[in-house]
Amino acid sequence: MDIIKLENISKGFLFDGKRKDILNGVNLNVKKGEIVAIIGPSGSGKSTLLNIIGGLDNSYEGEAVIDGVSLKSLSDNQLSKFRNEKVGFIFQHFNLLDHLNCYENVYLPLYFSSGMKESEIRQRIEYLFERVRLTHRVRQYPPTLSGGEKQRVAIARALLMRPAVLLCDEPTGDLDDNTANAILDLFESIRNEMSVTFVMVTHEERITRIADDIYSIKDGILVKV
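We now turn to the structure provided with this report.

## A short note on the layout of surface pockets
Stage number 1. A volume near 440 Å³ is recorded for the largest pocket.
Stage number 2. In terms of lining, the largest pocket is formed by 16 residues, of which the most central are Arg83, Asn84, Val87, Phe89 and Pro109.
Stage number 3. Tallying contributions element by element places strand E6 (residues 87-91) first for the lining of the largest pocket, with four residues.
Stage number 4. Grouping the amino acids of the lining of the largest pocket by side-chain chemistry returns ten nonpolar, four polar and two charged.
Stage number 5. Of the pockets and cavities examined, the second largest pocket occupies roughly 150 Å³.
Stage number 6. A per-element tally of the lining of the second largest pocket places helix H4 (residues 118-131) first, with three residues.
Stage number 7. Split by residue class, the lining of the second largest pocket holds seven nonpolar, one polar and three charged.

Right under this line is the structure:
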């Protein structure tokens, strides 16, 4: 089953009165539980493509179907709910809130959702901290953590709602080689355990070692490597 299906995705901007294409007829099919890496230089359209898959950018031509849902068919409220429940985001700079401790940072997605008992929430968060091997850091604040620990907190937060898809934008860009490899190993084990689909965009070749499929994007065109 294709959990991600992009058909003829194009997006451009007007620059000095002329259209500049960022994406040009992109097609992509990703099956449930696959890890896909998209590589390319800065400005090549990698993050734009990721934002379209994640429902953060709805101003494009073509169709994006994620977990059986055409994103353009959703209202703004439906799209927000879809993002919260179906898609997890992991960023290069972690995007943790320094005034919240690690537990509270992971809890954040539930501020925009309801229906779970507090005991279920606690059990789920405790499990995720065990899964990312940070039970000793639950009540610490982000400024006290290493880069690798911050990324592990971000991973736990991204998994809280049990998403179908995890979107990773340069997830190892701020990490040293050893820490980056440990994060990639964690991604692979999470995929195997939870059947989560990963789409990672990067300019780093090391990410490709865990990928099932590798694509290159240049001049708005996506090509399988």
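## Section: the sheet that holds strand E1 (residues 2-15)
Stage number 1. Reading across from one edge, E2-E1-E4-E5 is the order of the four strands in this open sheet, with antiparallel pairing throughout. Edge positions in the sheet fall to strand E2 (18-31) and strand E5 (69-70), since each has one partner strand and no second.
Stage number 2. Bridge count for strand E4 (residues 61-66) against E5 is two bridges, and the pairing is antiparallel. Across the sheet, isoleucine 66 pairs through a bridge with valine 69, a residue of E5.

## Observations concerning unusual backbone geometry
Stage number 1. With a phi angle near 60°, arginine 133 is a residue other than glycine that sits in the positive phi range.
Stage number 2. Looking at the secondary structure, you find arginine 133 in the loop between H4 and helix H5 (147-159).

## Considerations on the environment of threonine 144
Stage number 1. With respect to the element layout, threonine 144 can be found in the loop between H4 and H5.
Stage number 2. Once the C-alpha coordinates of threonine 144 and glutamine 78 are considered, the two residues, 66 residues apart in sequence, prove to be 37 Å apart.
Stage number 3. Among the polar contacts made by the side chain of threonine 144, one reaches the main-chain carbonyl oxygen of tyrosine 141 at a distance of 2.7 Å.

Calculation criteria
- Residues numbered from 1 in each chain as written.
- Predicted model: local features only at pLDDT ≥ 70, side-chain atom pairs only at ≥ 80, totals over all residues.
- Heavy atoms only, no water.
- 1 Å grid on protein atoms, 1.4 Å probe; cavity = no way out; pocket = protein on both sides within 12 Å on 5 of 7 lines; lining within 4 Å.
- Points joined across faces, edges and corners; volume = space filled by probe spheres on them.
- Helix = DSSP H or I, 4+ residues; strand = E, 2+ residues; numbered from the N terminus.
- Nonpolar A, V, L, I, M, F, W, Y, C, P; charged D, E, K, R; others polar.
- Pairing = 2+ DSSP bridges.
- Polar contact = N/O pair within 3.5 Å; in protein donor to acceptor, adjacent residues only side chain to side chain.

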